[in-house]
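# Inside the fold
These are the residues of each chain, in order.
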Amino acid sequence: MSAPAPFGARLAAAMDAVGPLCVGIDPHAALLAAWGLPDDVGGLREFSLRVVDALGGAVAALKPQAAFFERHGSRGLAVLEEVLAASRAAGTLTIVDAKRGDIGSTMAGYGDAFLADGSPLAGDAVTVSPYLGFGSLAPALERASASGRGVFVLCLTSNPEGRQVQHAAGADGVSVAASVAAQAAALNEGASPMGSVGLVVGATVGDAVRDTGTDLDAVNGPLLAPGVGAQGAGPAELAQVFGAARGSVLASSSRGVLGAGPDAADLRRAAAAAAGEARAALRPGA
Ligand SMILES: O=C(O)c1cc(=O)[nH]c(=O)n1[C@@H]1O[C@H](COP(=O)(O)O)[C@@H](O)[C@H]1O
């Protein structure tokens, strides 16, 4: 059997085919209640699998947020495994939003959990935090590369508190965000149509890309843009934040789409509308 194409190539194909939208699976207690479901592991399972049923094949990626599964303990993690398997069966890429980051030797453990063939918690990519130093991510990057999976490294996050760390500059005057982007770019060099080391850049960050001197045009990897919908960003913000790099952007919305449920047709309509807006903002003329 031939090895699967690398994550960057698979995501590029999915974005071309169905539009540059990722829907986050964030089973908040309030959303479960709005869907008439109990805030327990049964409600979690029903909610998450309904999202996969409704949107599998219809969006470029699904992004389950690990915290909402972990809060239900081992049975919640079993649901996450089911969600990943169901998405795979539906032919939809998954990004496990776990935001892991630790010293290198422990990062190897996270890599084995989220990026290794045969692990039930491995999707197609995982979000990682570089704030123990970009180099500490090396074991995860090695596993991603070996298994054809991807990572999204936090760069400029959508929350206002992120500035404190991400905008700070070292003695050389280079901001943390710019340095993270440059290190991702080095790993993606030469990849076509794009590499598998992505960045997280919130759609809410305004002029932060320019202000921090972050060169997104050179990254040559996917740019995950949460903050669309419930956090207030829309087409205008996507265009403003990403400029010439917008062709690599995967817009991400959770509550903005999930709030349309529980009816599957309503969910599909909300996702199609969000994907259409993202496509118009990020790929005008496509
Ligand atoms: O990595 C992420 O996905 C992420 C990064 C970031 O900078 N901001 C951000 O909101 N997220 C995640 O994206 C989702 C946003 O959810 P909504 O605000 O409901 O669309 C949550 O699961 C967040 O944890």
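This structure is a prediction, so every number in the text was calculated from the model and none was measured. (Residues numbered from 1 in each chain as written. Predicted model: local features only at pLDDT ≥ 70, side-chain atom pairs only at ≥ 80, totals over all residues.)

Before going further, it helps to spend a moment on unusual backbone geometry. Here the amide bond leading from Ser192 into Pro193 is cis, since omega sits at 0 degrees, within 30 degrees of zero. Mapped onto the elements of the fold, Pro193 is located in the loop between α9 (176-188) and β6 (197-201). The omega angle of the peptide bond from Gly261 to Pro262 is 10 degrees, so this bond is cis rather than trans. By the secondary structure assignment, Pro262 is in the loop between α12 (255-258) and α13 (264-282). The backbone of Lys99 shows a phi angle near 45 degrees, a positive value even though the residue is not glycine. Checked against the element boundaries, Lys99 lands in strand β3 (residues 93-100). The exposure class of Lys99 is partly exposed, given the 16 C-beta atoms found within 10 Å. Phi is positive for Asn220, which is not a glycine, with a value near 55 degrees. (Helix = DSSP H or I, 4+ residues; strand = E, 2+ residues; numbered from the N terminus. Buried ≥ 20, exposed ≤ 12 C-beta atoms within 10 Å, placed from the backbone.)

Residues Ala61 and Lys63 of strand β2 (residues 61-64) are buried on one face, and the alternating residues Leu62 and Pro64, pointing to the opposite face, are buried as well. Looking at chain direction, strand β1 (residues 21-25) and β2 are connected through four bridges and run parallel. Opposite Gly24, over in β2, you have Lys63 as the bridge partner. Where β2 meets β3, two bridges bridge the pair, whose relative direction is parallel. Among the inter-strand pairings, Leu62 is bridged to a residue of β3, identified as Thr94. (Pairing = 2+ DSSP bridges.)

For the rest of this paragraph, the subject is the environment of Ser105. Mapped onto the fold, Ser105 is located in helix α6 (residues 104-115). In the structure, Ser105 is positioned 33 residues away from Ala138 in sequence and 9.7 Å away in space, judged by C-alpha atoms.

Around the ligand sit 19 residues, and of these Thr157, Ser158, Pro226, Ser254 and Arg255 come closest. For the shell around the ligand, the elements supplying multiple residues, two or more each, are β8 (249-253) and α12. In terms of residue class, the shell around the ligand is built from three nonpolar, 13 polar and three charged. (Near = placed C-beta within 6 Å. Nonpolar A, V, L, I, M, F, W, Y, C, P; charged D, E, K, R; others polar.)

The pairing of strands in a sheet comes from backbone hydrogen bonds and takes either a parallel or an antiparallel form. Spatially, eight strands are ordered β1-β2-β3-β4-β5-β6-β7-β8 in a closed barrel, and the strand pairing comes out parallel. Shown here is a sheet whose adjacent strand axes are inclined to one another by a mean of 30 degrees, direction ignored. (Axes fitted to C-alpha atoms, helices over the stretch in contact; angles between N-to-C directions.)

The UniProt record marks residues 20-270 with the feature "domain: Orotidine 5'-phosphate decarboxylase" (unreviewed entry), using the residue numbering of this structure. In residues 20-270, the share of helix is 42% and the share of strand is 16%. The end C-alpha atoms are 14 Å apart. (UniProt positions renumbered as here; feature names shortened; annotations may be inferred.)

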